[in-house]
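Chain residues, written in single-letter form:
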Amino acid sequence: MAKGNLAIRLGLLFVVLCLPFLKCAGAAEEPTPLSAAEIRDRLIGNTLVFHHRGEPLAGRYLAEDGTAEFDPLRGFRVPSHWSLDEEGDRLCFWDIDPDNIYCGRFLFDAGRYFIDWGGGINRDFYEIVEAGDTTDPSDNPGPDFRPNPDIPLPADLHIQPPDPTEAEPYAAFVGAWFGSFIWRDYLIIVETVEGSRAEVIYAFGPNLFFPDNPRWSRISVDIEEGELNLELVWGTINASLKDDGTMTAIFDWGNGAEWSRAIRWDDPSLAPQAPVEILAPDPAAARDKLAFWDVQMSRNLGEDPLHNAYFMPLGEAAPALHAFEGTLSVGSSKVLGRPAGSRGASDYGAFPRFSVDFVSHGNRLMPRDRGILETWRDGAHWNIILEPGRVWSEPGDNGWSRASFPFLLTDPQSGGGRNGLATFLFNDEEVSPLRFQVVKEATSRSHSDLWGQAALTYEPKRIDRRAEVISDFEQELADQVEIRPWSDLEARYGAALVAPFDGTAIRPKISHSALILDGEVYGTACRTRTGPYPYCREMRHGVFSVTKSLAGFLSLLRLAEKYGAEVLDLQITDYVEIDAEHDGWKDVTFEHALSMVTGVGDVEPTRVTHYVDAGFSDNEMAYWRAPSAQEKLNAISAIGNYPWGPGEVFRYVNSTPFVLGAAMDSFLKSKEGPDVHLWQMMNDEVFQPIGIHHLPAQHSLEEAGDAGLPLMAVGAFVTLDDIAKIERLIRNQGRHEGEQILHAGLLRESLAPGPGMAYPTGWENDQGEVSYFRSFWITPQKSQAGCIAPIPGMSGSGGNSVLLMPNGVTAVRFAGGDDDDPDSGTFDASHMRQVADDIRPLCVP
């Protein structure tokens, strides 16, 4: 029997094999379920061999005594147990923790067994029963067993030999430890140990289900009572050394634990390496990369992405030799990638396929569609947003013209965004392949460099609404806010005063920052790992929970201006049907939902003084995975009820803003008819009037033709120009050019809530407790004047921040700090508030 890895936990298996917006394989009728007697007769005392698309991958022997030790793909035997559930017709497994038991129905069809873990079956995955114990009896494969070479490692990896004076057992952890867990090879690399503090890299390679997301993370950890304790964003690992020279690593992913033995692994390749250097071209010289034949013919994509300047005019550039007008269609592609900060490259899936009309005007190239292209419908991992680029010509291009444009890849559900650049050559009838790279992200995890080439076709034609596309773009340019360079702010107040705004260590994780002072916008360069982003004004950012304010708060205040402040007191259940088994949603108002005080939830059902993040319960995660609006509401209906009522206790979740958005959309339809749409209303009545021509937002995933509902909690994709215009509207009390767009009284009250209005969060800084009110975090900050100023701010994962300080200064940050890195710093906005206070006191005693 081929060795393989059989045991995988219920939740992970179901999520991976049957992502909600993809169709599970196999439309055939369901196989016949096995009874308890049949399970015992056919399975017990024999080996289940797990297969994927015909290939045997794993073996698990089910012994009579209830043990179920299995033999993983990489040779590390893992103890397990089996039992039948109370009804007797489901086979259950548990590994270390008996409370973490997972059960599935066994079904039989044509010699194959299928497991339904609760979400149906996938016929690509099945079991074959082999008589007796056919698992490999060996325990550990030995010191010559090597990890998968596709495990990424940072370019500056360096293992420092321990000081001989260091006390054991701490020094014994130093080195690289290799193991296998759930179809993955992993490395725990202890670079240094000082006392009981260790610098550790946790890295893992591809697996069967996620071949394109190997990654690594570097963290500082403590060694306590002989255990190395790694706190990661996806769970914890507790590793301890054994007398036989191996390490036991216990993985706790959520509500249970599994483990794998790890052998020491030493290799000369772990010696220090120089970081990858991305060199900028000489702007005055003829291009040496992405030259004519390289773009036209080359499939050699190189070992690294290029400096961004190669996607812009170089040398003796001139205006384009051809006008561009017609449909561009992106086809098959090859994508190389690696975790950011690593070396090497591996296949990273495919670039989204799409067809979009473009037209050139002067030196600019404009896509007709500026919204989110839902390429997930064609099986893509990402959606894509296209932004205006430019066209030009260069002497070495054999009479062709060049074009480039920026784009943003977006996750179809999470609201994350990845910034990229694309370029191609064209003439009146033809185009070259498309060369592209992704070089920055406003996302807190999975930081990756991607680069590649895609097939490209061009259909020259007169596009529909040509004049309208051009005139809209010209108006968009005319409406742009002036963004002064950061050097102007340094000249005005001194470089030393404003230097702490972005810090030094965290600067590489910050894409773009700005300080708005009395309406004047000062912006930094747009940073990427491959040089400045050349389309800084067009750089969109996925701002995650900043969306709660940009979408939820602004929408509710627009409705309040149109229909009266009493809309805040409307009850959710009058406009949204939530089929819960409790009455907790009764009396929950729009305002309760905006302030996260619904009284509905599962996590920490007691009143506590510390901060509680209730966003990762099983029911909340079911909400995230649900694709459509109705399926999301169905998942929300399973959320429990706290013992207190609405308006009492703050609990931070992401499903509540979606409920609010659904209720506001329903209320709007009750007033204006079934064809109106909440986000279209916001575009027509708020964003367009203040000069924002495009503000894409992620919606629920519906059948083609159905716009869905905005997620409201995450999924707004904004530019600095967008934020500057929204900031100006807020500072002007919701009024723009004589028109009251937002409710002025509610706006003032929201940014400066009276005593007792804001809700305690249990989150504290040196000046006191942070509170929450109507989607704003109210953070105390001590001023140079000696008083404590409450600072209302929008905040999102990765360190995205918009701080509206009472001294007229607004601080903006777009960032992608690591959620599991306590030293990322991008979440800490205190230095932004401090610079604002140094410019002008935040408050007056």
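Below is a summary of the structure that appears in this document. In this text, all values refer to a predicted model and were calculated from it rather than measured experimentally.

What counts and how
- Residues numbered from 1 in each chain as written.
- Predicted model: local features only at pLDDT ≥ 70, side-chain atom pairs only at ≥ 80, totals over all residues.
- Heavy atoms only, no water.
- Helix = DSSP H or I, 4+ residues; strand = E, 2+ residues; numbered from the N terminus.
- Buried < 20%, exposed > 50% of the residue type's maximum accessible area, 1.4 Å probe, protein only.
- Disulfide = S-S within 2.5 Å.
- Axes fitted to C-alpha atoms, helices over the stretch in contact; angles between N-to-C directions.
- Parallel < 35°, antiparallel > 145°, perpendicular 65-115°, else oblique.
- Contact = heavy atoms within 4.5 Å.
- Nonpolar A, V, L, I, M, F, W, Y, C, P; charged D, E, K, R; others polar.
- Core = buried A, V, L, I, M, F, W, Y, C linked by side-chain atoms within 4.5 Å.
- Pairing = 2+ DSSP bridges.

**Notes on the environment of Pro79**
Here comes step 1: Among the secondary structure elements, Pro79 is positioned in the loop between strand E4 (70-71) and strand E5 (81-84).
Here comes step 2: Overall, Pro79 belongs to the partly exposed group, its relative accessible area being 32%.
Here comes step 3: When the C-alpha atoms of Pro79 and Ala68 are compared, they prove to be 6.6 Å apart, with 11 residues separating the residues in sequence.

**What to know about the state of the cysteines**
Linking two cysteines covalently through their sulfur atoms gives a disulfide.
Here comes step 1: Throughout the structure, instances matching the rule amount to three disulfides.
Here comes step 2: Between Cys92 and Cys103 runs a disulfide, and the two sulfur atoms are separated by 2.0 Å. Looking down the S-S bond of the Cys92 and Cys103 bridge, the torsion is 105°, so its handedness is right-handed. On the criterion of sequence distance, the pair formed by Cys92 in strand E6 (residues 90-94) and Cys103 in strand E7 (residues 102-109) is long-range, its members being 11 residues apart.
Here comes step 3: What makes Cys92 buried here is its relative accessible area of 1%.
Here comes step 4: Across the disulfide, Cys526 is cross-linked to Cys536 (sulfur-sulfur distance 1.9 Å). What sets the handedness of the Cys526 and Cys536 disulfide is the S-S torsion sign, and at about 70° it is right-handed.

**Some details on the packing of helix H9 (residues 618-625) against helix H10 (residues 629-637)**
Here comes step 1: Relative orientation of the contacting elements H9 and H10 amounts to 175°, with a least axis distance of 8 Å. Taken together, H9 and H10 sit at an angle that is classed as roughly antiparallel. Where H9 abuts H10, its residues Asn619, Ala622, Tyr623 and Trp624 lie against Lys632, Ala635 and Ile636.
Here comes step 2: Its residues assigned to classes, the contact of H9 with H10 comprises five nonpolar, one polar and one charged.

**Let's talk about the nonpolar core**
Here comes step 1: Membership of the largest hydrophobic core comes to 76 residues, with the highest contact counts inside it found for Leu550, Ile572, Trp585, Phe590, Ile636, Phe687 and Ile726.
Here comes step 2: Sequence-distant contacts of Ile572, defined by excluding residues within four places in its chain, comprise Ile578, Trp585, Val588, Thr589, Phe590, Ala593, Val659, Leu660 and Ala663.

**Let's talk about the sheet that holds strand E40 (residues 800-804)**
Here comes step 1: One open sheet accounts for nine strands, arranged E29-E31-E30-E41-E40-E39-E38-E37-E36; its pairing is mixed. Edge positions in the sheet fall to strand E29 (483-485) and strand E36 (759-765), since each has one partner strand and no second. Strand-to-strand twist in this sheet, taken as the mean axis angle between neighbours without regard to direction, amounts to 30°.
Here comes step 2: With four bridges joining them, strand E39 (residues 788-796) and E40 adopt antiparallel strand pairing. In the strand pairing of E40, Ser795 is matched with Ser801.

The analysis is restricted to geometry; functional conclusions fall outside its scope.
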